[in-house]
Amino acid sequence: MEGNFGSYTDKTRVLDIKPLRTLRPVFPSGNQAPPFVCAPPFGPFPPGFSPFYPFSSSQHTPDLNQAQNPPQHQPHNSSEPSLVTPLRTFRSPPDTTTSNGDVEPSTVKRKITKKRTPLVCPENFSSGISVADRENGNRKLVTSVIMRFDALRRRFSQLEDAKEAVSGSIKRGDLKAGSTCMSRGVRTNTKKRPGVVPGVEIGDVFFFRFEMCLVGLHSPSMAGIDYLLVKGGETGEEPIATSIVSSGYYDNDEGNPDVLVYTGQGGGNADKEKQTSDQKLERGNLALEKSLLRNSPVRVIRGLKEASQSAKIYVYDGLYEIKESWVEKGKLGHNTFKYKLVRAPGQPPAFASWIAIQKWKAGLPSREGLILPDLTSGVESIGVSLVNDVDAENGPPYFTYSTTVNYSESFKLSQPSSGCHCSNACKPGNLDCHCIRKNGGDFPYCGNGVLVSRKSMVHECSPSCPCSACKNKVTQMGVKVKLEVFKTVNRGWGLRSWDPIRAGSFICIYAGEAKDKSKMQQTMGDDDYTFDTTRVYTPFKWNYELGLADEDGSEEMSEEPELPLPLVISAKNAGNVARFMNHSCSPNVFWQPVSYEYNGQLYLHVAFFAMSHIPPMTELTYDYGVTRPSGTQNGNTLYGKKKCFCGSEFCRGSFG
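Reading the values: the criteria
- Residues numbered from 1 in each chain as written.
- Predicted model: local features only at pLDDT ≥ 70, side-chain atom pairs only at ≥ 80, totals over all residues.
- Heavy atoms only, no water.
- Salt bridge = Lys/Arg side-chain N within 4 Å of Asp/Glu carboxyl O.
- Helix = DSSP H or I, 4+ residues; strand = E, 2+ residues; numbered from the N terminus.
- Buried < 20%, exposed > 50% of the residue type's maximum accessible area, 1.4 Å probe, protein only.
- 1 Å grid on protein atoms, 1.4 Å probe; cavity = no way out; pocket = protein on both sides within 12 Å on 5 of 7 lines; lining within 4 Å.
- Points joined across faces, edges and corners; volume = space filled by probe spheres on them.
- Nonpolar A, V, L, I, M, F, W, Y, C, P; charged D, E, K, R; others polar.
- Domains from an automatic or database assignment.
- Pairing = 2+ DSSP bridges.
- Core = buried A, V, L, I, M, F, W, Y, C linked by side-chain atoms within 4.5 Å.
- Contact = heavy atoms within 4.5 Å.
- Axes fitted to C-alpha atoms, helices over the stretch in contact; angles between N-to-C directions.

- As recorded by an unreviewed UniProt entry, the protein carries the name Histone-lysine N-methyltransferase, H3 lysine-9 specific SUVH1 and is attributed to Brassica campestris.

Quick look at the structure:
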């Protein structure tokens, strides 16, 4: 052929090249060539036609190099088909599994998913967090981010619970909420740093790894070691560790509250507590080694498993210094890196408090200042301790411990009501359930009994409902955490918990005697144990954001309580632990009206729920509100009759 010399092609003879998409097939006319025919891939072929690759006449699998540079002529044999490789054998090789159990796909597979059109476009959502605050947070912002995440998580869990009742599948609402917050900018402290994280305090508890990611305490959602690159080393930069999570998957020595022997990462599947190979001095392990040489402090988060909780809880234990490192054989004979970390002095206790509480529960030793192990005398299923380590007072004035609300003759609620007819248990998403319909079609609680949203009224199933094992009776099941009544320095007796409390968890109801406010105006001034639903309370938002959840903003529900009539409960003579909860202008507990039917009548209760995650030994407080005032006092339209000693940064100075 002209222009060809052996295997060389004279490319200067190619004068005009057009893209294939611009070319159209040209068929010969009848007087120029034989009629156009369609022959089978392997022949036989009419005279003047020859096979083309990959349907050639060779008797072996085609060589790709030969196909790219085909010979000038090959003899044609139409009697035997070509042994070509079928196209289906060119599929991508199957995914492989690493020693860690991670799946490594060989190629990027296209996944066809059903698109869900959001009601609110992400572009229209504003996180309300500036660029500067997103990089460097503060206490108020850190608390807000965690509360916004958890509100969204509760909503997603509520929706998944309804799907689970139908499909039986269980999904992680925390992962969906976390990724949504990350993509929408609901986060802070994105600037990675060693040492203290602005707004995060020692002793803070986290119920999900994503919470630590969103506030910049620990960035990886799974890895136990977080690190950053700094200037130095032979290559110009080297890693140093910023934080570690002691999750208990490895052989960590956590007996000493001030010392942690931490096992490095890698070498096997941590989830199964089985090491399959030697660990390597790379990534997080190398970062810990460099932090040791630099004497750089590392944040330590302790992972704990509480008997009262179904999942692991994480507590921030402050800054530690790496004192030494070594290599030793693991249980299965593989090399593991060990790092000894010692807690920096002068920090408030966190993990040490958890260790002490576990000893108190076991009675070794007993709680210092303990007056009574159970002031309820067995009325509560979990005893309530009475403690005074401040002065010599032996306890509060005598009262009768009661867990119910007694409706006196002066208080009559004549509204009729009816329960549901569910045979076993009310299921989320079941609109045939009368109690669920009264809650707007949604189950008010997640599967673990956590309240999803504040509402004007929460309707629970009643004792007369046939659903004996129903999860819609949360406030009727009594106290579920270990509580302690203790003497404060300047506010009388207070209430706190030995256990961590998750946001939305039920704490207790306000028990006592329900009275008609109009008939007890003269005696209320002498009653310091009164809950009055007619007071003015500082408004706050606790529910999830509709825009963040891609829901219609016009369907936002009211969070303000609405009761059919004024409810005043006195716990002066008879009541429960709620009578010891003090007021705070920055509370960590809120009250929610709850109703249920009994013998055809509607009964009202005031239930208390955790506003945010509450660490152990933190005083439980709620807003007492103020009597409806007229005018202002010191420029404040909300002022009460009693002076406030809450000590909050946002204290309004009075209450009641």
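Past the structure itself, the notes keep going.
## As for the pattern of salt bridges
So, step 1. Within the structure shown, the criterion is met by 28 salt bridges.
So, step 2. Ionic pairing is found between Asp528 and Lys642, a salt bridge with its closest N-O pair at 2.6 Å. One end of the pair, Asp528, is in the loop between helix H9 (521–524) and strand S23 (530–532); the other, Lys642, is in strand S30 (residues 642–643), with 114 residues separating them in the sequence.
So, step 3. In this structure Asp528 comes out as exposed when scored by relative accessible area, which is 52%.
So, step 4. Residues joined by salt bridges that share partners form a network here, namely Arg367, Asp389, Glu484 and Arg496.

## Side note on empty space enclosed by the protein
Empty space left among the atoms is revealed by rolling a probe the size of a water molecule over them.
So, step 1. Enumeration according to the criterion identifies three cavities of 30 Å³ or more in this entry.
So, step 2. Quantified by volume, the second largest cavity comes out at close to 50 Å³.
So, step 3. Surrounding the second largest cavity, Ile146, Met147, Asp150, Arg154, Ala503, Trp542, Met611, Ser612 and His613 form its lining.
So, step 4. Of the residues belonging to the lining of the second largest cavity, the class tally is five nonpolar, two polar and two charged.
So, step 5. Each of two domains, domain 1 (124–163 + 171–191) and domain 3 (369–625), supplies a minimum of three residues to the lining of the second largest cavity.

## Notes on the sheet that holds strand S27 (residues 589–598)
The strands that make up a sheet pair up through hydrogen bonds in the backbone, lying either parallel or antiparallel.
So, step 1. Pairing within the open sheet is mixed, and its four strands lie in the order S18-S27-S28-S21. The open sheet is flanked by strand S18 (458–459) and strand S21 (506–509), the only strands paired with a single partner.
So, step 2. Pairing between S18 and S27: two bridges, direction parallel. Across the sheet, the residue bridging to His459 is Ser595, located in S27.

## Overview of the nonpolar core
So, step 1. Counting 55 residues, the largest nonpolar core has Tyr510, Met581, Phe608 and Leu620 as the members making the most contacts within it.
So, step 2. Looking at this core, the elements that each hand over two or more residues are strand S17 (405–407), strand S19 (483–487), strand S20 (493–497), S21, S27 and strand S28 (601–610).
So, step 3. Considering every element that reaches this core, the biggest residue donor is S28, with seven residues.
So, step 4. Residue contacts for Met581: discarding those within four places in its chain leaves Leu495, Cys508, Val589, Phe608, Leu620, Tyr622 and Tyr624.

## Here's the deal with the pairing of strand S12 (residues 312–329)
So, step 1. Here strand S5 (residues 205–206) pairs with S12 via two bridges, running antiparallel. By the bridge assignment for S12, Val205 is matched with Val315.
So, step 2. As paired elements, strand S11 (residues 298–305) and S12 share seven bridges and run antiparallel to each other. When the bridges of S12 are listed, Lys305 appears paired with Lys312.
So, step 3. In the sheet, S12 pairs with strand S13 (residues 335–343) via nine bridges, with the strands oriented antiparallel. By the bridge assignment, Glu321 is partnered in S13 with Val342.
So, step 4. Hairpin connection between S12 and S13: a loop of five residues separates the two successive antiparallel strands, and Gly333 in this loop has a positive phi of roughly 90 degrees.

## As for the sheet that holds S19
So, step 1. Spatial strand order, S14-S15-S19-S20: four strands in an open sheet with mixed pairing. The sheet is open, and its two edges are formed by strand S14 (370–372) and S20, each paired on a single side. The average undirected angle you get between the axes of adjacent strands in this sheet is 35 degrees.
So, step 2. Two elements, strand S15 (residues 385–387) and S19, share three bridges in a ladder whose sense is parallel. Looking across to S19, one finds that Leu386 is bridged to Val485.

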